[in-house]
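Coordinates in review
These are the residues of each chain, in order.
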Amino acid sequence: MITLTHFLVVSACIFCIGLYTVLSKKNAIMILVGIELMINAAILNFVAFGKYDKVSYGGQIFALFAIVLAAAAVAVGLALVLNVYRHYKTINPDEINELKDK
Amino acid sequence: MAGKRDQSGIISLIGIACSFISGGLTWLAIWNHPTVSAEINWFTIGASTFKVGILLNNLSALMLLLVPTVALPVHIYSRAYMKGDPGIHRYWMYLSLFCFAMLGLVVMDSLLLMYIFWELVGFASYLLIGFWFTRETAVQANKKAFIVNRIGDLGFLIGLAIIFTQFKTLNLIDLFGETGLIYQSAVTNGQWVSPVNSMDQIWLTIAGLAFFLAAMAKSAQFPLHVWLPDAMEGPTSVSSLIHAATMVAAGVFLLATVFPLFNESALLFIAIIGTITAASAAYFALGQYDIKRILAFSTISQLGFMMVGIGIGTWDAALFHLVTHAFFKCLLFLSAGAIIHEMAHLKTHSHLDFDPQDLRNMGGLKKYMPKTFILMSVASLALAGFPLTSGYLSKDSIVISSFEWALSKGDFYLIIPVSLIVISILTAFYIGRLIFKAFLGDFRIMDQVKDKLHGAPLHEASKTMLIPMFILGICCLFPLFSLNPVSYHDSWLMDGLLLDEYTFAPCHSAHLIIPLILLIGSIISWVVGWKWYVQHTYSLNTNSLALKAAFNQGYINELYQWIFVDGTLKIARFCYWFDRYVVDSLVAFIQFIVLSLSRLSVWIDKYIVDGFVNAVASVAYWTGNQVRLVQNGKLQTALYSVFLFVLLGLIYLIFF
């Protein structure tokens, strides 16, 4: 049988892949992809736990809202990346380091 | 009048004259009268109090009379003898110091004070022997005299210590008086028991021998006699006073004072040493050519006689001989001084270079110095013990007593009186040799001096010298000492010195035979001497080994030089070598070790201690450097750090 644990493990794997992508990719767009993956993992978690709320389908509803918010966040993120590209002429996060202490 | 301008010695003369007068008055008051003494406290150490005081009994009164009586003529004589000497002010000073010390020595009532004056007398002798200190020989001689005397002082100190331990007092009356502590002590069961202490009986002998050691050094007994012949470096008047009449007699005086202390063994030792001294000195005198050396050895020999007198128990005879010896020996030296004075004059006038003291340069002086000749002959007769002189009485008293003593002890002891008889005959011979060679015959260096001067080569001594000599000459004859010229027992001196009876029986035949033997022996020796020295028929080999040994004083000086002087130098050189090569290398080795340790220490400090500190610092630096990398301004680094901390927090919450 596919138990809750299976869902959670898959969700965790997707989250870790997303986290790894955020931390190691040298392309800002790929960072957004990673964020998206992490959000999606969280959404999968919601859906997995939704099986315990057959009354008001809380998990399912929250998942729908999260998908919309994920899309909105990525839209804002893309706008940020565009502005950064305009200034730095690159979207390699390693070269966007003017926040460091001199 | 004072200091360097006092050339005339008038202060010393007046001083010694006062001593003479007061000595005479004291003698009159004390002789055969009760003893007088007085003392005051000097200092206290712990429970013992040491006192200072004066004791006047027959013995000290006699010495108080003798010393100024001999010193006064010497002072007068010195005025002429030392005239013109650049150091004469020192001479009077030292001479007065000596007389003070000697007179002090004889009146003290405590052994401690006697010791102080004993040393002072030795010191005055040192100063006077080295009077002409610019001469190397004089400096060596006075050093030798002082050092040898010091050995005797050691003996005196040891004796003092033993007596103080045993009796807790050093007062002469308490110790040696008629009811003294000595008489209250006895040797029982191998212990010397006194009223306040007791110790093993060997200490009684040791105490006696210690005091005898003191007398051996001061009175020039064998083997510590070596300083006296060298002491002739001093002026002749000094030799006559100190080294003939008074200082050397101090040893005999000491032994007479502590006489009750001696037991059988100590007395026998004294007698043996006295005989050896008398014999060896007489032998050495036979081979000497220096006039003063002959007299010096004669003094040593006569002192040996006195020691024998003490050793056999007849210390009154020894003191009798001391007194008569003082007069005739002093006269002998003064006459020798007159001769030397004249010979030195001849030397300066003729600009020749000869030894004014050498007998081989003299001869026939009877013609030029008749009065000196007569006086010296009288003194020589007294020395030889010819009848009608004082020396006859005193010397015979010792020889005869020694014969009686030997008879009472056993036939083996007859060696001592027989030796004494032989020595007396030798004495007559060597003094006869002196007179013959100096005064009779022809003046040996006449050929050398003949054309250098006009008139007689020598003159008679001046009146200032002759009159003291004349006074002493009178004292060499018998009437001063006894109205009976043949028996010494009638002498007032012997009567007064309180020895009721001897430990041995008298032998009346000896009283006749021994003087006869001595007289005949002396006459024979003079006949032989006349033949050899006046008629020049000398039959012995001058270069024989025996005569050479006599001239070189038995090579004893060379032996002492080899043992003590060279020995000490060798030890000193060894000590230097040891210090330089052993001690210094030890120090260098320790230094090397310390330096190496310190270098090791430096290395440890530099590489290990500092290295450790540096390592810690490096670790901190590296850690910091690594952590610093977080702050590189990269977005993903920051995100990474956040993730890390969240993870750590989760682990903490889940597992702890």
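Residues numbered from 1 in each chain as written. Chains lettered and ligands numbered in written order. Predicted model: local features only at pLDDT ≥ 70, side-chain atom pairs only at ≥ 80, totals over all residues.

Here we look at the overall build of chain A
The condition is simple: Numbered from the N terminus, helices here are DSSP runs of H or I no shorter than four residues, and strands are runs of E no shorter than two. With C-beta atoms placed from the backbone, a residue counts as buried when 20 or more other C-beta atoms lie within 10 Å of its own, as exposed when 12 or fewer do, and as partly exposed for counts between those limits. It is the C-beta atoms, placed from the backbone, that decide contacts: two residues are in contact if theirs lie within 7 Å.
Along the backbone of chain A there are three helices and zero strands. Starting at the N terminus and walking to the C terminus, you meet the elements of chain A as α-α-α. Taking the principal axes of the C-alpha coordinates as reference, chain A spans close to 55 × 25 × 20 Å. Buried positions account for 12% of the 102 residues belonging to chain A. Sequence separation of at least 24 residues holds for 46% of the intrachain contacts in chain A that already meet a minimum separation of 6.

Some remarks on the overall build of chain B
For clarity, the cut-off: The reference for a compact globule is 2.2 Å times residues^0.38; the radius of gyration itself is calculated from the C-alpha atoms.
Each helix and strand in chain B was counted, giving 24 helices and five strands. Taken against the 2.2 N^0.38 rule, which gives 26 Å for 656 residues, the C-alpha radius of gyration of chain B at 39 Å runs more than 25% over that of a compact globule. Projected onto its principal axes, the C-alpha coordinates of chain B cover approximately 150 × 75 × 55 Å. A total of 656 residues make up chain B; the buried ones form 46% of that total. Residue pairs at least 24 apart in sequence account for 79% of intrachain contacts in chain B once pairs closer than 6 positions are excluded.

Remarks on the interface of chain A and chain B
Many analyses report the size of an interface as the accessible area lost when the parts associate. Applicable threshold: Each residue is assigned to one of three groups, with Ala, Val, Leu, Ile, Met, Phe, Trp, Tyr, Cys and Pro labelled nonpolar, Asp, Glu, Lys and Arg labelled charged, and all others, Gly among them, labelled polar.
Counting residues at the interface gives 11 residues for chain A and nine residues for chain B. Of the residues assigned to the side of chain A that touches chain B, the class counts are six nonpolar, one polar and four charged.

Remarks on the packing of helix α14 (residues 315–350) of chain B against helix α15 (residues 370–384) of chain B
Residue and element names in this part refer to chain B. The following threshold applies: An axis is simply a line fitted to the C-alpha atoms; with a helix, the fit covers only the stretch in contact. Between two such axes, the angle follows the N-to-C directions and lies from 0 to 180 degrees. Crossings are assigned a handedness: left-handed for a near helix turned anticlockwise from the far helix by less than a right angle, right-handed for a clockwise turn.
Taken N-terminus to C-terminus, the directions of α14 and α15 make an angle of 145 degrees; their axes are 9 Å apart at the nearest point. The crossing of α14 and α15 is left-handed. On the side of α14, the interface is formed by T324, F328, L331, L332, S335, A338 and I339, while α15 contributes T372, L375, M376, A379, S380, A382 and L383. Of the residues that constitute the contact of α14 with α15, the class distribution is 10 nonpolar, four polar and no charged.

Some details on the UniProt feature "transmembrane region" (unreviewed entry) in chain A
Residues and elements named next belong to chain A. The test is simple: UniProt positions are given in the numbering used here, feature names are shortened, and annotations may be inferred rather than shown by experiment.
According to UniProt, the positions carrying the feature "transmembrane region" (unreviewed entry) are residues 6–23, 30–49 and 61–85. When the span residues 30–49 is considered, its composition is 100% helix and 0% strand, and the gap between its end C-alpha atoms is 29 Å. Between the C-alpha atoms that bound residues 61–85 there is a distance of 36 Å. The span itself is 100% helix and 0% strand.

Remarks on the packing of helix α2 (residues 28–49) of chain A against helix α3 (residues 58–88) of chain A
Helix-helix packing is described using two parameters, namely the angle between the two axes and the distance between the axes. Residue and element names in this part refer to chain A. Under the convention used in this document: Roughly parallel here means an angle under 35 degrees, roughly antiparallel means over 145, roughly perpendicular means 65 to 115, and every remaining angle is called oblique.
Direction vectors running N to C along α2 and α3 enclose 175 degrees, while the axes themselves pass 9 Å from each other. Classified by the angle their axes make, α2 and α3 are roughly antiparallel. Contact with α2, carried on its side by A28, I29, L32, E36, I39, A42, I43, F46, V47 and F49, involves G59, Q60, F62, A63, A66, I67, A70, V74, G77, L78 and V81 of α3 and no other residues of that element. When the residues that make up the contact of α2 with α3 are grouped by side-chain class, the tally is 17 nonpolar, three polar and one charged.

Considering the domain arrangement of chain B
Put simply, the test is: Where each domain starts and ends follows an automatic or database-derived domain assignment.
Annotation of chain B at the domain level lists domain 1 (3–558) and domain 2 (561–655). Using only C-alpha atoms to locate each centre, domain 1 of chain B and domain 2 of chain B end up separated by 83 Å.

Some words on the sheet that holds strand β4 (residues 191–193) of chain B
Residue and element names in this part refer to chain B. The cut-off we apply is this: At least two bridges found by DSSP between two strands are what make those strands a pair.
With antiparallel pairing, three strands are arranged side by side in an open sheet as β3-β4-β5. Of all the strands in the sheet, just β3 (186–188) and β5 (198–200) have a single pairing partner and so form its edges. The sheet shows a mean angle of 30 degrees between the axes of neighbouring strands, direction not considered. The pairing of β4 with β5 spans three bridges and is classified as antiparallel.

Observations concerning the environment of I276 of chain B
With respect to the helices and strands, I276 of chain B occurs in helix α12 (residues 264–286). A sequence separation of 305 residues divides I276 of chain B from Y581 of chain B, and the C-alpha atoms of the two residues are 47 Å apart.

Description of the pairing of strand β1 (residues 36–45) of chain B
All names here are of chain B. Of all the 10 residues making up β1, zero are buried; the element is thus mostly uncovered. Looking at chain direction, β1 and strand β2 (residues 48–56) are connected through nine bridges and run antiparallel. Counted as the bridge partner of A38 is I54 from β2. Remark: two residues form the turn of the hairpin made by β1 and β2, two consecutive strands paired antiparallel; G46 in that turn has positive phi of roughly 65 degrees.

Regarding the confidence of the model for chain B
Residue and element names in this part refer to chain B. The cut-off we apply is this: Known as pLDDT, the predictor's per-residue confidence is scaled from 0 to 100.
In the predicted model, chain B carries a mean pLDDT of 87, and the fraction of residues at 70 or more is 98%. For chain B, the element scoring lowest by mean pLDDT is helix α18 (residues 446–449), at 73; helix α13 (residues 291–311) scores highest, at 93. Reported confidence for the predicted complex is 0.80 by ipTM and 0.76 by pTM.

So, the nonpolar core
Residue and element names in this part refer to chain B. Worth spelling out the cut-off: For the purposes of this analysis, a nonpolar core is taken to be any set of buried Ala, Val, Leu, Ile, Met, Phe, Trp, Tyr and Cys residues that are connected through C-beta atoms within 7 Å.
Grouped together as the largest cluster of nonpolar side chains are 194 residues, with contacts concentrated most on F211, V252, C330 and L331. The leading source of residues in this core is α14, at 21 residues. Residues in contact with V252, not counting those within four places in the same chain, are A215, S219, M306, I310, A318, L319 and L322.

Quick look at unusual backbone geometry
Residues and elements named next belong to chain B. Omega for the bond connecting F222 with P223 falls within 30 degrees of zero, at 0 degrees, which places this linkage in the cis form. With respect to the secondary-structure elements, P223 resides in the loop between α8 (202–218) and α9 (227–230). The residue K168 is not glycine, and still its phi comes out positive at about 60 degrees. Here K168 is to be found in the loop between α5 (136–167) and α6 (172–176).

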